[in-house]
Amino acid sequence: MVQNKELPALQFPKAPSDKKALEEGSVLSPRFDAAGLVTVVVTDAADGMLLMVAHMNADALALTLETGIAHYWSRSRSTLWKKGETSGNFQHVVEMRTDCDQDAIWLRVKVLGHDATCHTGRRSCFYRTVGFNDGKATLADDGSKPLFDTDQTYRKPV
């Protein structure tokens, strides 16, 4: 959870109704969904590996731009979250892109710490493959192992 209660200074203009301005213009005006969120795809800047998919609200996006460290909105905890705050696996943003209609963000990051992004300790949140066998959807581990002890890292103080 982000400890700094100070709100970011950056604010985003409402997305223009003019399609050409939205798709070709130079103003970042994200199209947040009804919940106030935009989907974020995160890849490793060095090798392109897909690390995670998350969401940002306007504050998370502004803090990410202002600090260069990825911030997200946790839908499960309903709170702003600075990636790596607990684990030390901070995501330093190398490049940020938006898609044509500004309703998705792509972050290329360098992960510090253990070079792990997933809360399971793995490098990527995408460590299982999906298959289809005998009419059933299946999951199979891809062999990725945790890069740090999650019990130690995420243990709640007593």
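Refer to the structure above for everything that follows.
Below is a short write-up of the structure. (Residues numbered from 1 in each chain as written. Predicted model: local features only at pLDDT ≥ 70, side-chain atom pairs only at ≥ 80, totals over all residues. Heavy atoms only, no water.)

1. Focus: the state of the cysteines
- Applying the stated criterion across every chain, the model contains zero disulfides.
- We note that Cys118 lacks a disulfide partner, and the nearest cysteine sulfur, in Cys125, lies 3.9 Å from it.
- On the accessibility criterion, Cys118 (4% relative accessible area) is buried. (Disulfide = S-S within 2.5 Å. Buried < 20%, exposed > 50% of the residue type's maximum accessible area, 1.4 Å probe, protein only.)

2. Overview of unusual backbone geometry
- In this structure, Asp115 takes a positive phi of about 60° despite not being glycine.
- Along the chain, Asp115 turns up in the loop between strand S6 (104-111) and strand S7 (128-133). (Helix = DSSP H or I, 4+ residues; strand = E, 2+ residues; numbered from the N terminus.)

3. Focus on the nonpolar core
- One finds Val40, Val42, Met56, Tyr72 and Leu107 to be the most contacted residues of the largest nonpolar core, which totals 20 residues.
- Those elements that provide at least two residues to this core are strand S1 (38-44), strand S2 (50-56), helix H2 (58-67), strand S4 (79-82) and S6. (Core = buried A, V, L, I, M, F, W, Y, C linked by side-chain atoms within 4.5 Å.)

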